Amino acid sequence: MDKNLHIIFSKEILGEDKEVKGKFISNFEQEITEFINSIVESYQTWSKYDSSVGSDRRRAFVAAFLFNAITNLSASMKMLIAGYTIPSGNLVRQTIESICSAILCSSEWLQFYQQVEQDKFSSKNSLNLVLKHSKKLQINRNAMLALKKLYEFYHKLSHSSSLTLAFNISIGNLGTTYIGPSFDEQKMFAYKKEATNRINLSKNITNVIEALLLPGSDAS
């Protein structure tokens, strides 16, 4: 067995690449701070209304999906900063699915929360279902179409494709491949876009929480 390869893979599986993480932090300190502030606001807003859910199963599912969105997006940002762009993107997709699932469960008329309760609901269909019922849900269809475009991008990152392959190959140092985390100076624009996407999503989560869990809303 090649001892050097054993060390490389052991480091990847058991350790943390502080150099990669340090480069992300030094280059995107402002974006990271903005994200943390925004996700804290999302959690505080969620906490404010979660205590009012009580024994209402429908509101409980709404709150649970929104909490899942917060934790998934936090983990996504953590993985991005750690240099794991592809798995980080998978968590963004799950975040969007959680947001849309919460919207669906908020409607008493649609009764999707009952499908969730009976384990008959697939969150991968949640965004298209929100679009389908956007009028009944009183959701801004254009905003959902923009979210769908973002979702489709991260859906591609969930499958082996030329896009996912590109994240494993260095642009600045041709011929170099990455085992584990990476920070490529030539991908700065892509990293900034990824950070911005997460910031915007965290702000959207706060808005959705206010809309769905505010007393007097359809979910209340």
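On a predicted model such as this, the values are computed, not experimentally measured, just so you know.

Moving on, we get to empty space enclosed by the protein. Per the counting criterion, the structure on display carries one cavity of 30 Å³ or more. Computed from the structure, the largest cavity encloses a volume of approximately 30 Å³. Lining the largest cavity are Phe24, Phe28, Ile32, Met77, Leu80, Ile81 and Ala195. Top contributing element to the lining of the largest cavity by residue count: helix H4 (residues 57-81), with three residues.

With that settled, consider helix H5 (residues 85-105). Over its 21 residues, H5 extends 30 Å from the first C-alpha to the last, a length consistent with the 30 Å expected when each residue adds 1.5 Å. The buried fraction of H5 amounts to 18 of the 21 residues, a majority that puts the element mostly inside the structure.

What follows covers the pattern of salt bridges. This model, assessed by the stated rule, comprises seven salt bridges. For lysine 23, the salt bridge identified is with glutamate 19, shortest N-O distance 3.6 Å. Highlighted residues: lysine 23 and glutamate 19, both in helix H2 (residues 18-27), separated by four residues, approximately one helical turn. Overall, the relative accessible area of 56% leaves glutamate 19 in the exposed class. Across the pair glutamate 210 and lysine 48 runs a salt bridge whose closest N-O atoms are separated by 3.9 Å. Highlighted residues: glutamate 210 in helix H11 (residues 188-213) and lysine 48 in helix H3 (residues 29-50), separated in sequence by 162 residues. Looking at lysine 48, the relative accessible area reads 48%, which means it is partly exposed.

Now for the environment of alanine 75. Take alanine 75: it is sitting in helix H4. Overall, alanine 75 belongs to the partly exposed group, its relative accessible area being 28%. The spacing of alanine 75 and leucine 91 is 16 residues in sequence and 7.4 Å in space, taken between C-alpha atoms.

What follows deals with the side chain of threonine 206. With respect to the helices and strands, threonine 206 occurs in helix H11. The contact partners of threonine 206, leaving out residues within four places of it in the chain, are Ser38, Glu41, Ser42 and Thr45.

So, about the nonpolar core. Residues Leu66, Ile96, Leu104, Leu127, Leu201, Ile209 and Leu213 are the most contacted members of the largest nonpolar core, which totals 53 residues. Listed by contribution, the elements that provide at least two residues to this core are H2, H3, H4, H5, helix H6 (112-117), helix H7 (126-132), helix H9 (141-156) and H11. At ten residues, the largest contribution of residues to this core is made by H4. Those residues in contact with leucine 213 that sit more than four places away from it in its chain are Trp46, Tyr49, Arg59, Val62, Ala63 and Leu66.

The next subject is the packing of H4 against H11. Relative orientation of the contacting elements H4 and H11 amounts to 165°, with a least axis distance of 11 Å. Relative to H11, the element H4 lies roughly antiparallel. For the pair H4 and H11, the crossing hand works out as left-handed. Residues Arg59, Val62, Ala63, Leu66, Ala69, Ile70, Leu73, Ser76, Met77 and Leu80 of H4 pack against Glu194, Ala195, Arg198, Leu201, Ser202, Ile205, Val208, Ile209, Leu212 and Leu213 of H11. Split into classes, the residues belonging to the contact of H4 with H11 amount to 15 nonpolar, two polar and three charged.

Here glutamine 111, not a glycine, exhibits a phi torsion of approximately 60°, which is positive. Looking at the element boundaries, glutamine 111 is found in the loop between H5 and H6. Residue class for glutamine 111 comes out partly exposed when judged on its relative accessible area of 32%. Although it is not a glycine, glutamine 138 adopts a positive phi angle of roughly 55°. Within the fold, glutamine 138 resides in the loop between helix H8 (134-137) and H9. For glutamine 138, a relative accessible area of 75% puts it in the exposed group.

Quick notes on the rules
- Residues numbered from 1 in each chain as written.
- Predicted model: local features only at pLDDT ≥ 70, side-chain atom pairs only at ≥ 80, totals over all residues.
- Heavy atoms only, no water.
- 1 Å grid on protein atoms, 1.4 Å probe; cavity = no way out; pocket = protein on both sides within 12 Å on 5 of 7 lines; lining within 4 Å.
- Points joined across faces, edges and corners; volume = space filled by probe spheres on them.
- Helix = DSSP H or I, 4+ residues; strand = E, 2+ residues; numbered from the N terminus.
- Expected span 1.5 Å × (residues − 1).
- Buried < 20%, exposed > 50% of the residue type's maximum accessible area, 1.4 Å probe, protein only.
- Salt bridge = Lys/Arg side-chain N within 4 Å of Asp/Glu carboxyl O.
- Contact = heavy atoms within 4.5 Å.
- Core = buried A, V, L, I, M, F, W, Y, C linked by side-chain atoms within 4.5 Å.
- Axes fitted to C-alpha atoms, helices over the stretch in contact; angles between N-to-C directions.
- Parallel < 35°, antiparallel > 145°, perpendicular 65-115°, else oblique.
- Left-handed = near helix turned anticlockwise from the far one by under 90°.
- Nonpolar A, V, L, I, M, F, W, Y, C, P; charged D, E, K, R; others polar.

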